[in-house]
Amino acid sequence: MAQANKVFFENGWLNMVGGCCGSTPPHIKAIREMSESYKPRKLPDVGRPKMWLSGLEDLKVEDVHNHLGLPFLNVGERCNISGSLRFKKLMMSGDYGTAMDIAKKQVEDGAHVIDINVDDGMLDGLAAMQKFVKIAVTEPEVSKVPFMLDASKFEIVLAGLKWCQGKCIVNSISLKVGEELFKEQATLLKKHGCAVVVMAFDEEGQAATEEEKVRICKRSYDILVNEVKFPPEDIIFDPNVLTIGTGMEEHANYGVDFINATKTIKEICPYVKISGGISNLSFGFRGVMKIRESIHSVFLHHAILESGMDVGIVNAHEMLALSEVEPEIKTGCDNLVFNKTPDATDVMLELTKKEKERLEALKNGGGAMEVKQTSWRDLDVTKRLEHALINGISQYVDQDVEEARQQAEKPLHIIEGPLMDGMNIIGDLFGAGKMFLPQVIKSARVMKKAVAYLIPFMEKEKREKLIAEGKNPEDFNENDDSNFAGKVLMATVKGDVHDIGKNIVAVVLGCNNYKVYDIGVMCSCELILEKAKEYNVDVIGLSGLITPSLDEMVVVAKEMSKGGFKQPLLIGGATTSKMHTAVKVSPNYFTLEHPVIHVLDASRSVTVVSSLLGENKEDYVTDIMEEYEEMREDYYAGLEDRYFLTFDQAKEQKLVIDFDVVPPAPAPNKLGVTVIDNVSLEDVVPYIDWVRPTSSFTISITVHQLNCSRHCT
């Protein structure tokens, strides 16, 4: 055995050598004595540190090019509950086998890493993550690539990490938990030997501007590298890809800020990688994949080739090369991403409408859609106001509102009638994917203009009422809250720094004459309740994007019940759902007087709030209450279908074998080893499968050699 290893020593091929299952101490002694006369293999020179990941196969991130030829690591997003509705349904139903098919398809479509996220308020994330990873590592087509374990709760990530082979990526940690816990989590991940995504969050919130992104990432880098001694090449910063094209001016520069921040972070934080969730960028144009992927293509081209972005959570199958983007759309995307023109969002919206119409025409058999020649200006005034709201047309609002006012008994009836009817239609269209976020913002601004026109008439009506009651109108406070349709408190709950969706809701409500008190992010339960009392609000709205926020919302609902609050509680945010609200939050606070209601998106907020503060509140709340009760019954009935036996009950159902009825197999004629020496080797050779042993040891052998071996043995 030692002699057989001599050729490896002579050629300097080895650094380590040892035995195997049949080796004994004398074998190892002989090998050691043989090795003493030779030098070990020279280790390769140490170069620039590289991120080296692995599943069953290894992966050097710096050496990767994706299927479009870009130096970019594709992280597949479809095994993420937030990234795929189909995956979410499979996980909720416990269909892990079909979920594995989604993972396989991502690898086939060009994903280098699989993102695994099972965050949902109605799912046991800890158990689901462990089960998914346990099954995934047994699927060669899935486990050959590294995993990205993605969760809002650190304990869920850690649970998955313990079952994950190779070297994976953990997504994520951040400074929002404070420096001490941040260092503690990073130290633990370092011991596990994984790479880590670090979000650009700190104790103050989410980084939105270029300066904030750079500041938080540099601070995180210094702590990780200098204090925790975390390998810099295993750090991936996510400086937050935020939504552009919303129609709000403060969001217009988000694309530019990310691209510029990426370049600076790469310069001041050596060896780190930059990542981001690309689908966030184009959320305002959801439902039209061609437009969304065109925006992504322009953004990624510049972020990767000019600023050095390395990693992204994407749907690899849908990705477009820049050369595949149509020239007109490419120009529009370029203006939108780089905020070059004030009308970039409007232009993109028109392109999106054209694409939507083209898709509708294809659905209708390919024929051109019929264009009605009649003008909307020929409609009656209520329909004109609805049309103006839905299409964001402010040109004729004042004259149409005046015409409607002349016909109405009170100015308030215009708001409660055609204007609210229009907002309800907008909510339905947005929910059905037939309207886009920039359109919702434009509609809200048309609503604001209409309400602003009516306010002087409403104030005059109030003055006349005061005089009729014998009161002095001069004593009337112009800043009195009665000038508003209602007062709403908005807060992102404790532990969550996301506020973009909440800000959009505040804009929409404000445009509809509601006074909004936005108290910020990371709001504790105590602060929320304190401010609700201080401002004497009519409605309280809670927002959250990550799964732990759902637990905090339950806490707030319980404390509101204990504190005797009477305000309706609204629940909203990307991670929330009607089911979670009905099952987890609602039972802790819901009554006819103060219901708990899930608000799907910003376009629905006006409808919900106006219904809660209107004359028909009782009917509206009763319908919601009945719906939530049915949802709870269905949910708990589903749990009964998945009833598990106790360990003692399972033992009682063990297989019982009656050996009298089914006797055991007879004993063999002879125990021990039986030598068969009457068969020649030549007779056995044709039955040997040579392909398996040669492929297992990566031996190159041709069919001709296989045929020869049968005759040459």
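See the structure printed just above.
Residues numbered from 1 in each chain as written. Predicted model: local features only at pLDDT ≥ 70, side-chain atom pairs only at ≥ 80, totals over all residues. Heavy atoms only, no water.

Q: So what exactly am I meant to see when it comes to the packing of helix 17 (residues 437-468) against helix 18 (residues 500-511) here?
A: Any two packed helices are characterised by how steeply their axes cross, that is the angle between the axes, and by the distance between the axes. Close contact between helix 17 and helix 18 brings their axes to 7 Å; oriented N to C, the two are set at 30°. Comparing the axis directions of helix 17 and helix 18 gives the class roughly parallel. Contacts between helix 17 and helix 18 involve Leu437, Val440, Ile441, Ala444, Arg445, Met447, Lys448 and Val451 from the former and Ile504, Val508 and Cys511 from the latter. Residues belonging to the contact of helix 17 with helix 18 are distributed by class as follows: 9 nonpolar, no polar and 2 charged. (Axes fitted to C-alpha atoms, helices over the stretch in contact; angles between N-to-C directions. Helix = DSSP H or I, 4+ residues; strand = E, 2+ residues; numbered from the N terminus. Parallel < 35°, antiparallel > 145°, perpendicular 65-115°, else oblique. Contact = heavy atoms within 4.5 Å. Nonpolar A, V, L, I, M, F, W, Y, C, P; charged D, E, K, R; others polar.)

Q: Help me understand the packing of helix 16 (residues 411-431) against helix 17 in this model?
A: Interaxial distance between helix 16 and helix 17 falls to 10 Å at its minimum, and their mutual angle equals 170°. In this view, helix 16 runs roughly antiparallel relative to helix 17, as classed from their interaxial angle. Residue-level inspection shows Pro411, Leu412, Ile414, Ile415, Leu419, Met420, Met423, Ile426 and Phe430 of helix 16 in contact with helix 17, the latter providing Leu437, Val440, Ser443, Met447, Ala450, Val451, Leu454, Phe457, Met458 and Glu461. Here the residues of the contact of helix 16 with helix 17 sort into 17 nonpolar, 1 polar and 1 charged.

Q: How do you make sense of helix 17 when you look at a structure like this?
A: Three- or four-residue spacings in an α-helix give side chains the same orientation, since the helix completes a turn every 3.6 residues. A rise of 1.5 Å per residue sets the reference length of helix 17, with its 32 residues, at 46 Å; its end C-alpha atoms lie 45 Å apart and thus fit the reference within 8%. Maximal helix bending in helix 17 amounts to about 35°, located at Ile455; proline Pro456 follows within four positions. Count one or two residues on from helix 17 and you reach Gly470, which has phi positive near 80°. (Expected span 1.5 Å × (residues − 1). Bend = angle between axes of the 7 residues up to and from the residue.)

Q: Could you clarify how one ought to interpret the packing of aromatic side chains in this entry?
A: This model, assessed by the stated rule, comprises 9 aromatic pairs. Relative to Trp13, the ring of Phe8 lies with its centre 5.6 Å away and its plane at 70°, an arrangement referred to as edge-to-face. For Phe8, a relative accessible area of 34% corresponds to the partly exposed category. For Trp13, a relative accessible area of 48% gives the class partly exposed. For the pair Phe87 and Phe132, a centre-to-centre distance of 5.7 Å together with 80° between the ring planes defines the contact as edge-to-face. One end of the pair, Phe87, is in helix 3 (residues 85-93); the other, Phe132, is in helix 5 (residues 125-136), and 45 residues separate them in sequence. Accessibility assignment for this pair places Phe87 and Phe132 in one class, buried. Stacked on the ring of Trp52, the Lys or Arg Lys60 has its end atom at 4.5 Å from the ring centre. For Lys134, the ring lying beneath its charged end belongs to Trp163, and the centroid distance is 4.1 Å. (Phe/Tyr/Trp six-rings, centres within 6.5 Å; stacked < 30°, edge-to-face > 60°. Buried < 20%, exposed > 50% of the residue type's maximum accessible area, 1.4 Å probe, protein only. Lys NZ or Arg CZ within 6 Å of the ring centre and 35° of its normal.)

So yeah, pure geometry; function would need other evidence.
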